[in-house]
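A closer look at the structure
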Amino acid sequence: MAIIYREDKKIFQLNTAQTTYLIGLSPEGYVGHIYYGRRLKKEGNNYLLRMKEAPCTPSVNQREKSSFLDRFPMEYPTGGVGDYRESCLDVRGESGSTGCEVFFKSYQITKGKPGLPGLPASFGEPEQVETLEIVCEDDILNLRAVLSYSVFEKYDVITRSVRIENIGEQHLKLEKVYSACLDMDNKDFEMLTLTGSWARERSIQRGRIRYGKQLVSSRRGESSHQEHPFLALVAPDTTQEQGEVYAMNFVYSGNFLAQAELAQFGNVRMVMGIHSEDFCWNLRPGEVFQAPEAVLIYSSEGLGKMTRCFHDFYREHLIRSPYKYGKRPVLINNWEATYFDFNSEKLLDIAREAKKAGIEMLVMDDGWFGKRNFDDNSLGDWFVNEEKITSGLADLVEKVNEIGLAFGIWFEPEMISPDSELYRKHPEWAIQIQGRTPTQCRAQYVLDLSRPEVVDYAYQCVADILHSAPIAYVKWDMNRQLCDIGSSYLNKEAQGELLHRYMLGVYEMQERLVQEFPDLLLENCSGGGARFDPGMLYYSPQIWCSDDVDALERLRIQEGTALIYPLATMGAHVGDCPNHVVGRNTPFETRGHVALAGTFGYELDITKIAQEERDQIPGQVELYHKYHALMQEGDYYRIASWSMEKPYDCWEVAAKDGKEALVTFVQVLAQPNMQSRKIYLHGLAEEADYMLEGTEEIYRGEELMKCGFLIPSEKGDMKSCLYHFICCGGES
Ligand code: GLA
């Protein structure tokens, strides 16, 4: 059993294969956090709850409440009653004040894991996951908070979420509802986050935490390019292979906050949830609010172990697509090939040339609908532009299929251009504050998805196009962040619900899409990688990683992304040179090796590139076919990092059974007078022998892992090489 309750000690013990999480109850019914860390062999105790500490100020009252709350490690702190650290729940009652305090009432342990209505969430069979629900109540507000913990024993994962129920008669306003909290003693923690910008998503940042609050967040209406819904606290000595890591990742694609607060006694409170700014949810009598899920991983074996836990967990328990382990068609996308300047003939030329090179799918990107020849019009007018697609979409798809390629298409269903038929008909469908000119971004507004008819309309536009022709793939884009948060549909009291209702609308559309078109390959995207998050992975097995396909920039972007997300989820293409974003030239071969670490495809005009580059494509496509299963299912190890410390970058994917491993080495900067570089492999069988493909050389697994392997030095920047080790004997 993964979850045990000891009534005599009033302790819940949650065990995974290698971790234990302990929750204890105080005599009053406060729910406290005792421990999260390496697995305990036996039952835990509750002496770590600090219930007997003397009050700060001399007092005859040994349990003076405010002193007690300063020290008590809370599982789910509430605001306004004496715990001055960050709260997870702030509620305004009809009196207008905000105090809220919840006490333990009951609990329930069940096999399996219930879904979260309207939200993406991890899932599992009754034999794979157990769920604990701790029911707490505030008897003054008549509010119930159900703290939910699902324990995935095999994957060392605990997921948390919270359900708030109004069980009384008053109209409550939820001003903050976070999803998870970890109150711990500081261990000189450093905070590891992912930050960036458009075309520079998810760089790894690490620094020591200081007194006070430090956080990453988004108030942009999406998880964002800038900051990522992920936070890890790591011990100072933590590396890829060793050290403690406490990680949280949010299964949500909208506004978020992830924060560490180091408080007066050296305690750290780590929280994650929907950002409370721009949020206020009305909870009327009988109503329920469900907060999204946070995924918690503890590793005592470094960041690499954390990464592999996330990868396995997301593959097995979050991604639903039939493509999750399936081979994805090698695609060519016309965005960087043509931008808006294309027509059927141009696309067919690309398709014919692509077919010769072994490419399997053509994706028609932005510009095929309305009168869109530039990015300042037509979003919302999802009918084919027959000046460009001259004989209609069905005919184009048929012709592409006849050439031998599948067909994919781009949409941006959540948007509306001021210059569109849709906006002229329904200006009230755009998100905007009454009386204020809304801010444009990329000359577009955002649809108000709190309005059910808008969700229906936008979804139906996509569905109608998909019914009109055999379309195998959709790229679902979202190219601007939200502001001017106002809805002409919601009443004035409900304006604070708009951003979350917007996300619920997006999720509803995507759920309808995957239900109605179960075989469709869906790729989410947001101006590159601004919505690369676990929420989106629940609907699409892959997400466009970044609009920057420069091989050097991609090393850093893909390293940061792969810290959490499986390689096969990262949309990665070979682009043209000079690269359109940074103007850099890199060898075609290296671009191929870097894209091979993701979904693999092409983002260039194959009819125009140099013949010697075109000639390399069949070989690259072959590499994808050869390695896709290993890349999709194997264990990922980060061996060296150009973005952190080295003049080279190196990663490995090892088969789970240790039978083979593929090492990708990229020499970013050549250096003069260098010896060969030593790298250490992982995930092999110590006693087995491995043949390095293409040579006669045989190495023992143990030596490759303990003693290392030498990468010959070479001249030239951005040179790359693949090393494929295949088990050829010994024990494996
Ligand atoms: C976004 C995407 C690109 C492309 C353009 C089209 O920026 O990330 O790949 O689809 O939109 O407008």
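Below is a short write-up of the structure. Since this is a predicted model, take the numbers as computed values, not measurements.

A closer look at the overall build of the protein chain
Along the backbone of the protein chain there are 14 helices and 39 strands. By its C-alpha atoms, the protein chain is 85 × 70 × 45 Å across when sized along the principal axes. Counting every position in the protein chain, which comprises 732 residues, the buried fraction comes to 63%. If you take every contact in the protein chain between residues at least 6 apart in sequence, the share linking residues at least 24 apart comes to 69%. Within the structure as shown, the protein chain displays about 26800 Å² of accessible surface, and the carbon and sulfur contribution to it stands at 49%. The protein chain carries 77 positive and 109 negative side-chain charges, and their two centres are separated by 4 Å.

Examining the nonpolar core
Formed by 201 residues in total, the largest nonpolar core has its most connected members in Trp 368, Ile 409 and Tyr 602. Counting residues per element, this core draws most heavily on helix α7 (residues 452–468), at nine residues. If near-sequence neighbours (up to four positions away) are discounted, Trp 368 is found in contact with Phe 342, Trp 382, Phe 383, Val 384, Asn 385, Ile 389, Ile 409, Trp 410, Phe 411 and Ile 465. Counting 23 residues, the second-largest nonpolar core is a separate cluster that includes Ala 640, Ile 679, Ala 685 and Leu 692.

A look at helix α11 (residues 588–595)
A large share of α11 lies buried, amounting to seven of its eight residues. Every buried residue belonging to α11 is among Phe 588, Thr 590, Arg 591, Gly 592, His 593, Val 594 and Ala 595, and all of these are buried.

What to know about the site of the ligand
Taken together, 13 residues sit near the ligand, with Asp 365, Asp 366, Lys 475, Gly 528 and Asp 547 positioned nearest. In this structure, Asp 366 approaches the ligand through a side-chain N or O atom, which is 2.6 Å from an oxygen atom. In this structure, Arg 442 approaches the ligand through a side-chain N or O atom, which is 2.9 Å from an oxygen atom. Relative to its free-state accessible area of 310 Å², the ligand is covered by the protein chains to the extent of 96%. Considering only residue class, the shell around the ligand consists of four nonpolar, three polar and six charged.

Quick word on the environment of Pro 126
By the secondary structure assignment, Pro 126 is in the loop between β6 (103–111) and β7 (130–138). Taking the C-alpha atoms as reference points, Pro 126 and Glu 589, separated by 463 residues in sequence, lie 46 Å from one another. Setting aside chain neighbours within four positions, we find Pro 126 in contact with Lys 111 and Gly 112.

Notes on a nonpolar patch on the surface
On the surface, Trp 198, Val 581 and Val 582 cluster together into a nonpolar patch covering about 240 Å² of accessible area. The exposure class of Trp 198 is partly exposed, given its relative accessible area of 42%.

Concerning the packing of aromatic side chains
Inspection of the entire model under this criterion finds 45 aromatic pairs. Consider the rings of Tyr 699 and Phe 709, whose centres lie 5.4 Å apart with planes at 80 degrees: the pair is edge-to-face. A residue pair is termed long-range when its members are at least 10 positions apart, and Tyr 699 in strand β37 (residues 698–700) and Phe 709 in strand β38 (residues 709–711) qualify at ten residues. The exposure class assigned to Phe 709 is buried, which follows from its relative accessible area of 5%. Taken together, the aromatic side chains of Phe 152, Phe 230, Phe 310, Phe 313, Tyr 314, Phe 532 and Tyr 565 make up a single cluster linked through ring pairs. Note that Lys 388 overlies the ring of Phe 342, its terminal NZ or CZ placed 4.7 Å from the centroid. Across the ring face of Trp 544, the terminal group of Arg 554 is positioned such that the distance to the ring centre comes to 4.9 Å.

Focus on the side chain of Glu 222
Residue position: Glu 222 is located in the loop between β13 (212–218) and β14 (230–234). Buried within the structure, Glu 222 lacks any salt-bridge partner; Arg 531 is the closest side chain of opposite charge, at an N-O distance of 4.9 Å. Dropping the residues within four chain positions of it, Glu 222 is found in contact with Ser 253, Gly 254, Asn 255, Met 478, Gln 481, Ser 526, Ala 530 and Arg 531.

Here's the deal with the sheet that holds strand β22 (residues 361–364)
The strand order β29-β28-β27-β26-β23-β22-β21-β31-β30 describes an open sheet built from nine strands, whose pairing is parallel. Only two strands of the sheet have a single partner each, and these edge strands are β29 (570–571) and β30 (574–575). As paired elements, β30 and strand β31 (residues 601–603) share two bridges and run parallel to each other. Residue pairing for β31: Val 574 is matched across the bridge by Tyr 602. Relative to the sheet, α7 contacts β23 (406–411) and β26 (473–476), its axis offset from that of β23 by approximately 165 degrees.

As for the state of the cysteines
In the structure shown here, the tally under the stated rule is zero disulfides. No disulfide involves Cys 650; its sulfur sits 10 Å from the nearest other cysteine sulfur, which is in Cys 721. Judged by relative accessible area, which is 0%, Cys 650 ranks as buried. Free of any disulfide, Cys 727 has its nearest cysteine sulfur in Cys 728, 6.3 Å distant.

Scoring rules and cut-offs
- Residues numbered from 1 in each chain as written.
- Predicted model: local features only at pLDDT ≥ 70, side-chain atom pairs only at ≥ 80, totals over all residues.
- Heavy atoms only, no water.
- Helix = DSSP H or I, 4+ residues; strand = E, 2+ residues; numbered from the N terminus.
- Buried < 20%, exposed > 50% of the residue type's maximum accessible area, 1.4 Å probe, protein only.
- Contact = heavy atoms within 4.5 Å.
- Areas by Shrake-Rupley, 256 points an atom, 1.4 Å probe, with all protein chains shown as cover.
- Lys, Arg positive; Asp, Glu negative; His and termini not counted.
- Charge placed at Lys NZ, Arg CZ, Asp CG, Glu CD.
- Core = buried A, V, L, I, M, F, W, Y, C linked by side-chain atoms within 4.5 Å.
- Near = heavy atom within 4 Å.
- Polar contact = N/O pair within 3.5 Å; in protein donor to acceptor, adjacent residues only side chain to side chain.
- Nonpolar A, V, L, I, M, F, W, Y, C, P; charged D, E, K, R; others polar.
- Patch = residues over 30% accessible without salt bridge, like charges linked within 9 Å, V, L, I, M, F, W, Y side chains within 5 Å.
- Salt bridge = Lys/Arg side-chain N within 4 Å of Asp/Glu carboxyl O.
- Phe/Tyr/Trp six-rings, centres within 6.5 Å; stacked < 30°, edge-to-face > 60°.
- Lys NZ or Arg CZ within 6 Å of the ring centre and 35° of its normal.
- Pairing = 2+ DSSP bridges.
- Axes fitted to C-alpha atoms, helices over the stretch in contact; angles between N-to-C directions.
- Disulfide = S-S within 2.5 Å.

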